[in-house]
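# Architecture and fold: a report
Read off the chains here:
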Amino acid sequence: MSPDKPLGNFAPKDAPSYESIIQCMRCGFCLPTCPTYALTGRERSSPRGRVALARAVAEQKLEFTPAIKEEAFFCLDCRACTTACPSGVHAGEIMETCRAQVQSIYPLEGMQKAFRSFILEKMLPSPELLETAMIPARIYQKLGIQWLLRHSGALKLAPKWMEKAEGMIPELHKPLRLQLPEVIPAGGARRGRVGYFLGCVMSLMYAEVARQTVKVLAHQGFEVVTPRDQKCCGAPHLTEGDRDTARALMLHNLELFLAQDFDYIVTDCAGCGSALKEYEEMLEGRADHGKLAAFRAKIRDVSELLAEVGVRSEGLKPVNASVTYHEPCHLCHAQGISAQPRKVIRAIPGIDFREMKEASWCCGSAATFGLKFTEESQKILDRKLSNVVETGAEILVSGNPGCQLQLAWGVKKAGLDTKVMHIIELLGEATPD
Ligand code: SF4
Ligand code: SF4
């Protein structure tokens, strides 16, 4: 995406490109793949309808109306339509740029503006602030206040989104960024040197997953370096339409990771991986092209890397369990990584792998969608869980912290005894300490 090019009734800053919009030939192949169209049956909530709205704004047939603002945020950005589209239209990404337009055309004011700026411009770019902000949540769990609130039924009085957000918090541990040794040597014959991109949610909510990633990669023969100065990948900013802060974070991570001689830059978070792979496009015309290409060539999801080099099976213990796999949208649709996680799961001895129906259908988490649209999110989740139940699998595996939070919450709420795990936790169980 090159620096700002005005387009029709869009604000000049961060307008979508006209080429991306006019590729739509209105064939409708995307319609059956879109969760918000399945929920509403409304053309404007379909990929084709959303692109048509954007085209009308681009061609000055329509102002950027509140309806377009709503659709920009009602889109899950799951990218299922991109996988289905024969013309290469990226409706989710077009809606992502429309979210940035919302900030220009309908700017927030007063406290709302100050709160948004604090979260996006101050808190998320600062690992230290993020880690400090989690201390009260850990105290809340440690002192048993969480248990008390959950068992007293008091949360039923809170707004739906708050009740859900509270119910989703997993057991918290100290964030890993400063605890992890910066360099962990490779075990056995060395296969390369990786820079580990930790990710905010993984580090803060699922510190144990991050610990397993490092253990598994080292056992698989990689020297693992976790640069302490890394910052948020910028994905939450893209989701919320703050592309300036996203670019500042991207430039920081680009320089930091390229300064070290890594063979690969690895993440265990599908959302981070998708954003990291978009640096090239987001920073086009703003950073050195050679650097952007070199950075892009090194990025791997952890399952992508392990499938590429082959899982080393020596020393792995059997995990005797039935397992099914939910594909995170930002892994299968945004990055085209679908076969690789299955290959990794099947490489673990003892696993009885069971494919689920609609494995690549969104779980309804979709960044903040699950909290902004709790009812719709629940319906999408119910569809997912009924497919999980049909497999009879004991373990539900995924590869993204957002999916994991949503699925674990859904499983608990539905009273299921399915265990929700990250793929790397599963491989971690098979890997000796
Ligand atoms: S977005 Fe793609 S699949 Fe959907 S109607 Fe347009 S061209 Fe067809
Ligand atoms: S990104 Fe997902 S929710 Fe958005 S239009 Fe495409 S399929 Fe529908």
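Definitions and limits used
Residues numbered from 1 in each chain as written. Chains lettered and ligands numbered in written order. Predicted model: local features only at pLDDT ≥ 70, side-chain atom pairs only at ≥ 80, totals over all residues. Heavy atoms only, no water. UniProt positions renumbered as here; feature names shortened; annotations may be inferred. Salt bridge = Lys/Arg side-chain N within 4 Å of Asp/Glu carboxyl O. Helix = DSSP H or I, 4+ residues; strand = E, 2+ residues; numbered from the N terminus. Buried < 20%, exposed > 50% of the residue type's maximum accessible area, 1.4 Å probe, protein only. Pairing = 2+ DSSP bridges. Axes fitted to C-alpha atoms, helices over the stretch in contact; angles between N-to-C directions. Contact = heavy atoms within 4.5 Å. Domains from an automatic or database assignment. Buried area = accessible area lost by both parts, 1.4 Å probe. Polar contact = N/O pair within 3.5 Å; in protein donor to acceptor, adjacent residues only side chain to side chain. Near = heavy atom within 4 Å. Nonpolar A, V, L, I, M, F, W, Y, C, P; charged D, E, K, R; others polar. Core = buried A, V, L, I, M, F, W, Y, C linked by side-chain atoms within 4.5 Å. Patch = residues over 30% accessible without salt bridge, like charges linked within 9 Å, V, L, I, M, F, W, Y side chains within 5 Å. Areas by Shrake-Rupley, 256 points an atom, 1.4 Å probe, with all protein chains shown as cover.

Per an unreviewed UniProt entry, the chain goes by Glycolate oxidase iron-sulfur subunit and derives from Desulfuromonas soudanensis. Word for word, the UniProt comment on the chain under Function (unreviewed entry) is "Component of a complex that catalyzes the oxidation of glycolate to glyoxylate."

### Describing the pattern of salt bridges
Side chains that carry opposite charge are capable of pairing whenever their charged atoms lie near each other. Applying the stated criterion to the full structure yields 35 salt bridges. Taking the shortest distance from any N to any O, the salt bridge between K13 and D244 comes out at 2.8 Å. In this pair, K13 is assigned in the segment before helix 1 (18–22) and D244 in helix 15 (residues 243–258), connecting sequence segments 231 residues apart. On the basis of relative accessible area, K13 is assigned to the partly exposed category, the value being 34%. When its relative accessible area of 44% is taken as the criterion, D244 is described as partly exposed. When the shortest N-O distance is used, the salt bridge between R354 and D352 registers 2.8 Å. Each of K13, D14, D77, R79, E93, E96, R243, D244, R247 and E278 takes part in one network of salt bridges that share partners.

### Some words on the sheet that holds strand 9 (residues 419–422)
Reading across from one edge, 7-6-8-9 is the order of the four strands in this open sheet, with parallel pairing throughout. What marks the edges here is a single partner per strand, and that holds for strand 7 (351–353) and strand 9. Between one strand axis and the next, the sheet turns by 35° as a mean value, whatever way the strands run. The pairing of strand 8 (residues 395–398) with strand 9 spans four bridges and is classified as parallel. Looking at the pairing, V397 lines up with M421 of strand 9. Set on the sheet, helix 25 (residues 423–430) makes contact with strand 6 (321–325), strand 7, strand 8 and strand 9; between it and strand 9 the angle comes to about 90°.

### What about the pairing of strand 6?
Of all five residues making up strand 6, five are buried, and the element is well covered by its neighbours. Examined bridge by bridge, strand 6 and strand 7 share three bridges and lie parallel to one another. In the sheet register, V323 faces strand 7, and the bridge partner there is F353. Pairing of strand 6 with strand 8, which is carried by three bridges, proceeds in the parallel orientation. Residue pairing in the sheet places T324 in a bridge with L396 of strand 8.

### A few points about the sheet that holds strand 4 (residues 264–267)
The strand order across the open sheet formed by five strands is 1-3-2-4-5, and the pairing between neighbours is mixed. Each having just a single partner strand, strand 1 (183–184) and strand 5 (299–301) make up the two edges of the open sheet. Contacts between helix 19 (residues 302–309) and the sheet are confined to strand 2 (192–197), strand 3 (222–225), strand 4 and strand 5, with strand 5 contributing the most and set at about 95° to the helix.

### What about the domain arrangement of the chain?
When its domains are assigned, the chain resolves into domain 1 (18–105), domain 2 (113–168), domain 3 (183–308) and domain 4 (316–430). Computed over C-alpha atoms, the centres of domain 2 and domain 3 are 26 Å apart. At the interface, nine residues of domain 2 touch 13 residues of domain 3. Buried area between domain 2 and domain 3, both sides added, is near 890 Å², and the carbon and sulfur share of it is 70%. Remark: the boundary between domain 2 and domain 3 carries zero salt bridges. Inspection of the region where domain 2 meets domain 3 yields two residue pairs in polar contact (both at pLDDT 80 or more). Of all the secondary structure elements, the ones that give two or more residues to the side of domain 2 that touches domain 3 are helix 7 (110–123) and helix 8 (127–133).

### Regarding the site of ligand 1
Around ligand 1, the structure places C24, M25, R26, C27, G28, F29, C30, R48, C85, P86, S87 and V89. Residues that form the shell around ligand 1 fall into these classes: eight nonpolar, two polar and two charged.

### Quick notes on the nonpolar core
Of all hydrophobic cores here, the largest spans 59 residues; its most connected members are L217, L306, I345 and L426. With seven residues, the top contributor of residues to this core is helix 13 (residues 207–219). Here this core gathers at least three residues from each of two domains, domain 3 (183–308) and domain 4 (316–430). Aside from chain neighbours lying at most four places away, what touches L426 is V319, V323, I345, I348, I351, I395, V397 and M421. Formed by 25 residues, the second largest nonpolar core is a distinct cluster that contains A15, I21, A72 and I94.

### Here we look at the side chain of S45
Here S45 is to be found in the loop between helix 2 (35–40) and helix 3 (47–58). Given a relative accessible area of 0%, S45 falls into the buried group. A distance of 2.9 Å separates the side chain of S45 from the side chain of E71, its partner in a polar contact. In this structure, S45 is in contact with C34, T36, Y37, T40, R50, E71 and F74, ignoring residues within four places of it in sequence.

### Quick look at a nonpolar patch on the surface
Taken together, the side chains of I135, I139, L143 and I145 make up a nonpolar region of the molecular surface, amounting to roughly 360 Å² of accessible area. Residue position: I139 is located in helix 9 (residues 135–142).

### Examining unusual backbone geometry
A positive phi angle is found at A366, which is not glycine, with a value near 45°. Its place among the elements puts A366 in the loop between strand 7 and helix 22 (369–372). The backbone phi angle of A367 is positive, close to 55°, even though this residue is not glycine. Turning to its location among the elements, A367 is positioned in the loop between strand 7 and helix 22.

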